[in-house]
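Secondary and tertiary structure notes
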Amino acid sequence: MVTGAGSGIGRACATALAAAGAHVHVVDVDAAAAGSVAEAIGGRAHVVDLARAAAVGELPAGIDILVNNAGLQHVAPLAEFPPDRFELIQRVMVHAPFLLLRRILPHMYARGWGRVVNISSVHGLRASAFKAGYVTAKHALEGLSKVTAVEGAPHGVTSNCVSPGYVRTPLVERQIEAQAAAHGIDADRVVSEVLLSRSAVKRLIEPEEVAAAVLWLCGPHTGYLTGASIPLDGGWTAA
Ligand code: NAD
C-alpha cells in the first residue's frame, strides 16, 4: 500500500513496487490520479481523504508493505501560520500513518514479516523557516517510525524513514511559488538560493531515485536495517 500514490514520489514508489511484483493498493484523495496510476501499474485504486480518521477503516488491513507517503506543505511565518493548516498537516502526515500502522501491523505480525517505509524529509531532521506544520509533522513521523521499528522487530517487521531533500514533484513546484512570495524573490533564485542552499549536490532529486531506496528497503537484504533514517539529501545534513 502506497499513500499519496497518485503523484510524485508516491507514484514512483507504486510503479517501482509493481515492477518488482507487488500488487499495489494506490491510495489518494485525487480520484483521477489514483485511477490512472492503478491502471498503469495493474494495482487497485482507493480514493480516500486521509485527513478523515474514518477513512483508514475503509482501507484493506492485509498489507505486507506500507509506504506512508501522502503529504502536503504550507509555507508561512510561524506567527501567521493558519491553525487549520497546521492541524490538517498533522492529520494527514502523522495521525493517518499512526492509524494505518494500528490497522495493518497485526497482519504483518501474524505473517512474521512486514516492511514499513515512511517518506519523511530532510525536514524530519532539520528545520527551515516558514514550515512549522511540515517540520513538526516530519519530526513526529521520524519518532513514530522508530517506535514501529522497536515494537516490530520481534515480529519480522522493519520500519525506516527515507528523508529526501528537494524532489522534482508538483509539491515542490507549488512551493517554489510560495517561497518566492514569502522571501520576495523570483522562482529561479528560490531554487538556487533557498532550496539548494544547504545541499552539496546542486540539483533536485528525481522521484525515481527516492523510489529506488524504498524498493531496496523492502527487498531481501535489509532485515537488519530498522529504525533508521536514510537522508537522500545531497549532503545537506552532513555539512
Ligand atoms: P505531491 O504533491 O506530488 O503528491 C502528494 C500526493 O498526496 C498527491 O497525489 C495528493 O493528492 C496526495 N494527498 C495529499 N493529501 C492527501 C489526503 N488528505 N489524503 C490522501 N492523499 C492525499 O507530493 P510529493 O512531492 O510526491 O510528496 C510526497 C511525500 O514526499 C510527502 O510526504 C512529502 O512531504 C515528501 N517529501 C517531498 C519532498 C519534495 O521535495 N517533493 C521532499 C521530501 C519529502
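Procedures and definitions
Residues numbered from 1 in each chain as written. Predicted model: local features only at pLDDT ≥ 70, side-chain atom pairs only at ≥ 80, totals over all residues. Heavy atoms only, no water. Near = heavy atom within 4 Å. Polar contact = N/O pair within 3.5 Å; in protein donor to acceptor, adjacent residues only side chain to side chain. Areas by Shrake-Rupley, 256 points an atom, 1.4 Å probe, with all protein chains shown as cover. 1 Å grid on protein atoms, 1.4 Å probe; cavity = no way out; pocket = protein on both sides within 12 Å on 5 of 7 lines; lining within 4 Å. Sits in = over half its atoms within 2 Å of the grid points. Helix = DSSP H or I, 4+ residues; strand = E, 2+ residues; numbered from the N terminus. Nonpolar A, V, L, I, M, F, W, Y, C, P; charged D, E, K, R; others polar. Core = buried A, V, L, I, M, F, W, Y, C linked by side-chain atoms within 4.5 Å. Buried < 20%, exposed > 50% of the residue type's maximum accessible area, 1.4 Å probe, protein only. Contact = heavy atoms within 4.5 Å. Salt bridge = Lys/Arg side-chain N within 4 Å of Asp/Glu carboxyl O. Phe/Tyr/Trp six-rings, centres within 6.5 Å; stacked < 30°, edge-to-face > 60°. Domains from an automatic or database assignment. Buried area = accessible area lost by both parts, 1.4 Å probe.

**Topic: the site of the ligand**
Contacts to the ligand come from 29 residues, most closely from Ser7, Asp28, Tyr134, Val167 and Thr169. Side-chain polar atom of Tyr134 to an oxygen atom of the ligand: 2.5 Å apart, as the coordinates give it. Between the ligand and the protein, one listed contact pairs an oxygen atom with a side-chain N or O atom of Thr169 at 2.4 Å. About the coverage of the ligand: the protein hides 92% of its 830 Å² of free accessible area. When atom positions are compared with the pocket grids, the ligand is found to occupy the largest pocket. Those elements giving two or more residues to the shell around the ligand turn out to be helix H1 (8–19), helix H4 (132–152) and helix H5 (170–183). In terms of residues, the shell around the ligand owes the most to one element, H5, which gives four residues. Per-class residue counts for the shell around the ligand are 15 nonpolar, ten polar and four charged.

**Focus: the nonpolar core**
Grouped together as the largest cluster of nonpolar side chains are 32 residues, with contacts concentrated most on Met1 and Leu50. Breaking this core down by element, the ones donating at least two residues are helix H3 (83–111) and H4. At eleven residues, H3 tops the list of elements feeding residues into this core. Not counting residues within four places of it along the chain, the set of residues in contact with Leu50 comprises Thr3, Val27, Val56, Leu59, Ala70, Arg91, Val92 and Ala96. Membership of the second largest hydrophobic core comes to 28 residues, among which are Ala16, Val26, Val37 and Val214.

**Structural notes on the environment of His74**
Looking at the element boundaries, His74 is found in the loop between strand S4 (65–68) and H3. Between the C-alpha atoms of His74 and Asp28, which are 46 residues apart in sequence, the distance is 19 Å. If we ignore the near neighbours within four places in the chain, the residues touching His74 are Phe81, Pro82, Arg85, Ile89, Phe130 and Lys131. Engagement of the side chain of His74 in a polar contact is seen with the side chain of Arg85, the distance being 3.3 Å.

**Some points on the pattern of salt bridges**
Within the structure shown, the criterion is met by six salt bridges. Here Arg111 makes a salt bridge to Asp64, at a shortest N to O gap of 2.9 Å. Here Arg111, found in helix H3, pairs with Asp64, found in the loop between strand S3 (44–47) and S4; they are 47 residues apart in sequence, far enough to count as distant. Given the relative accessible area of 26%, Asp64 is considered partly exposed. Between Glu206 and Arg168 there is a salt bridge whose closest N-O contact spans 2.9 Å.

**Considering the packing of aromatic side chains**
One pass over the structure, following the stated rule, counts two aromatic pairs. Ring plane angle 85° and centroid distance 6.2 Å describe the contact between Phe81 and Phe86, whose orientation is recorded as edge-to-face. According to the relative accessible area criterion, Phe81 is buried, its value standing at 8%. A relative accessible area of 31% places Phe86 in the partly exposed class.

**Topic: unusual backbone geometry**
We note that Phe130 has phi near 75°; this positive angle belongs to a residue other than glycine. Secondary-structure assignment places Phe130 in the loop between strand S5 (114–119) and H4.

**What to know about the domain arrangement of the chain**
The domain boundaries assigned to the chain delineate domain 1 (2–165 + 206–231) and domain 2 (166–204). Distance from the C-alpha centre of domain 1 to the C-alpha centre of domain 2: 23 Å. Contacts between the two partners involve 18 residues from domain 1 and, on the opposite side, 14 residues from domain 2. Between domain 1 and domain 2, a total of about 1,200 Å² is buried, with carbon and sulfur atoms accounting for 56% of that surface. When the buried area of domain 1 at its contact with domain 2 is split by residue, Val75, Gly165 and Glu206 rank highest and sum to 34% of it. Seen at the junction of domain 1 and domain 2, the total is two salt bridges. Put simply, domain 1 and domain 2 have seven residue pairs in polar contact (both at pLDDT 80 or more) between them. Residue assignment for the side of domain 1 that touches domain 2 shows that the elements contributing at least two residues are H1 and helix H7 (207–217). Among the elements that make up the side of domain 1 that touches domain 2, the one with the highest residue count is H7 (three residues). Partitioning the side of domain 1 that touches domain 2 into residue classes produces eight nonpolar, seven polar and three charged.

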